[in-house]
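Architecture and fold: a report
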2 protein chains.
Amino acid sequence: MTDVKTGFNPLFLREEELRQGIELLFFAYRDFTAEPDAILADYGFGRAHHRVIYFVGRHPGITVSDLLEILRITKQSLSRVLGQLVMEKFITQRPGLRDRRQRLLELTEKGIELERQLTERQRARIARAYREAGAEAVDGFRKVLLGLVEEADRARFPSRSPHRRGG
Amino acid sequence: MTDVKTGFNPLFLREEELRQGIELLFFAYRDFTAEPDAILADYGFGRAHHRVIYFVGRHPGITVSDLLEILRITKQSLSRVLGQLVMEKFITQRPGLRDRRQRLLELTEKGIELERQLTERQRARIARAYREAGAEAVDGFRKVLLGLVEEADRARFPSRSPHRRGG
DNA sequence: TTTTTACGTCAGTCATGTTGACATATATGA
DNA sequence: TCATATATGTCAACATGACTGACGTAAAAA
């Protein structure tokens, strides 16, 4: 039985531990977004633009509705940001082949360059944290974060294939 | 030497792995904030109110400047949100004892109740993720997230004392 | 006594989200 | 073929939460 007085809890779910988890997420996310935000400001863009650029870069040819599902915002919100990015030639639209109602989105060369510049900072930050924490910690990080994500979106994260040593 | 062709990288820092980390953070944070956001809407509050309520609850008697450092926003931004919370009696202010210029912030009973209601959802979500991932994964999660946080703020997260089994 | 600090306020602006209504082109099913 | 559903876009109005800049006040510190 759980011993409240001594602070021992077999499920490791003590209040303090959970609050630290909450705060780690807050501080990590705060610092994780700060660097790209500064770069975006130079372009007159904001974090919303980064998200669009990121996911279009990640899924070339993505449809507007798929992007909306990822971002969980309204089409009107997306429209403003996406419109700017298309107008300023960071993203191109082309009609779908099977379904010509769709506007498939892709980064232009310019868009790829900005995406690279933005994501580079975040990649470097993650890389450093991964390196310092070690491979085993990275597995735990992934496992817990995946548990925080809604069931429906977990399929976006296939479990890694093991490292092929020399193969 | 790193073998690019075979995808083997001894530092585990392959592009794909880093992008998955970036996306895990995005999706986890998105879903982590969605539930409290919905509750806050019932009160006519937003995420900014949650952050203030959370950190005042976490550090009773916190000063305005300390809160500003945590949130990394301007005093004008904080002012509006904090002003509402004080006016609607979720938070009280009292002058500092040693320094009477300070306004020490504390949650009222009403504030504590709202904080509990909001944080409960996040705590439950984290608790579930922790439970499903296991203690070892939790350690890794903490280690990596801490590495993402700016050096200056890492001291906010003391390393856990080991579980005392039986007192 | 002067300066600095902690905090507040007024005013204006911007980015990003919302709801609601309506429009258009295309796909799909009866 | 015709009706309906879907993918996308647009206009308008609004709320939240961030920003800068300027100025004010009380208390601490030099």
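See above for the structure.
From a predicted model like this one, the values you see are computed outputs, not experimental measurements. (Residues numbered from 1 in each chain as written. Chains lettered and ligands numbered in written order. Predicted model: local features only at pLDDT ≥ 70, side-chain atom pairs only at ≥ 80, totals over all residues. Heavy atoms only, no water.)

1. Brief notes about the protein's contact with DNA strand C
Put simply, the rule reads: A cutoff of 4 Å decides nearness: a residue is near a molecule or strand if any of its heavy atoms lies inside that distance of it. Polar contacts, as counted here, are pairs of nitrogen or oxygen atoms within 3.5 Å of one another; within protein the pair requires one atom able to donate a hydrogen and one able to accept it, and residues that are adjacent in sequence qualify only if both atoms are side-chain atoms. Secondary structure counts use DSSP, requiring at least four H or I residues in a row for a helix and at least two E residues in a row for a strand, with both numbered from the N terminus. Nonpolar residues are Ala, Val, Leu, Ile, Met, Phe, Trp, Tyr, Cys and Pro. Charged residues are Asp, Glu, Lys and Arg, and all others, Gly as well, are polar.
Lining the immediate surroundings of DNA strand C are 26 residues, of which A:R51, A:S77, B:S65, B:K75 and B:R101 lie closest. If you look at DNA strand C and keep only atoms within 4 Å of the protein, 56% of those are sugar or phosphate atoms. Interatomic distance of 2.9 Å between a backbone N/O atom of A:R47 and a phosphate oxygen of DNA strand C. The backbone of A:R98 places a nitrogen or oxygen atom 3.5 Å from a phosphate oxygen of DNA strand C. Those elements that provide at least two residues to the surface near DNA strand C are α2 (47–58) and α4 (75–87) of chain A together with α3 (64–71) and α4 (75–87) of chain B. Considering every element that reaches the surface near DNA strand C, the biggest residue donor is α2(A), with four residues. For the surface near DNA strand C, a count of residues per class yields three nonpolar, twelve polar and eleven charged.

2. Details of the nonpolar core
A general feature of soluble globular proteins is that nonpolar side chains tend to end up buried together. Our working definition: Definition used in this section: a nonpolar core is a set of buried Ala, Val, Leu, Ile, Met, Phe, Trp, Tyr and Cys residues joined via side-chain atoms within 4.5 Å. Between buried and exposed lies partly exposed: a residue is buried under 20% and exposed over 50% of the maximum accessible area for its type, with that area taken using a 1.4 Å probe on protein chains only. By definition in these notes, contact holds between two residues if any of their heavy atoms fall within 4.5 Å.
Counting residues in each nonpolar core, the largest one holds 90 residues, and the members touching the most others are A:V52, A:L67, A:L145, B:V52, B:L67 and B:L145. Dropping the residues within four chain positions of it, A:L67 is found in contact with A:V52, A:F55, A:V56, A:I62, A:L78 and A:L105.

3. Regarding the relation of the copies chain B and chain A
The condition is simple: In this comparison the copies share one frame, found by least squares on the C-alpha atoms of residues holding pLDDT of at least 70 in both.
In screw terms, the move from chain B to chain A is a rotation of 180° and a rise of 0.0 Å along the axis, fitting with an RMSD of 0.0 Å. When the rotation and shift are considered jointly, the pair of chain copies conforms to a two-fold rotation axis. Across chain B, the rotation axis passes nearest the C-alpha of B:F141, at a separation of 1.8 Å. Residue by residue, 100% of the interface of chain B is reproduced at the interface of chain A, so both copies engage with the same surface.

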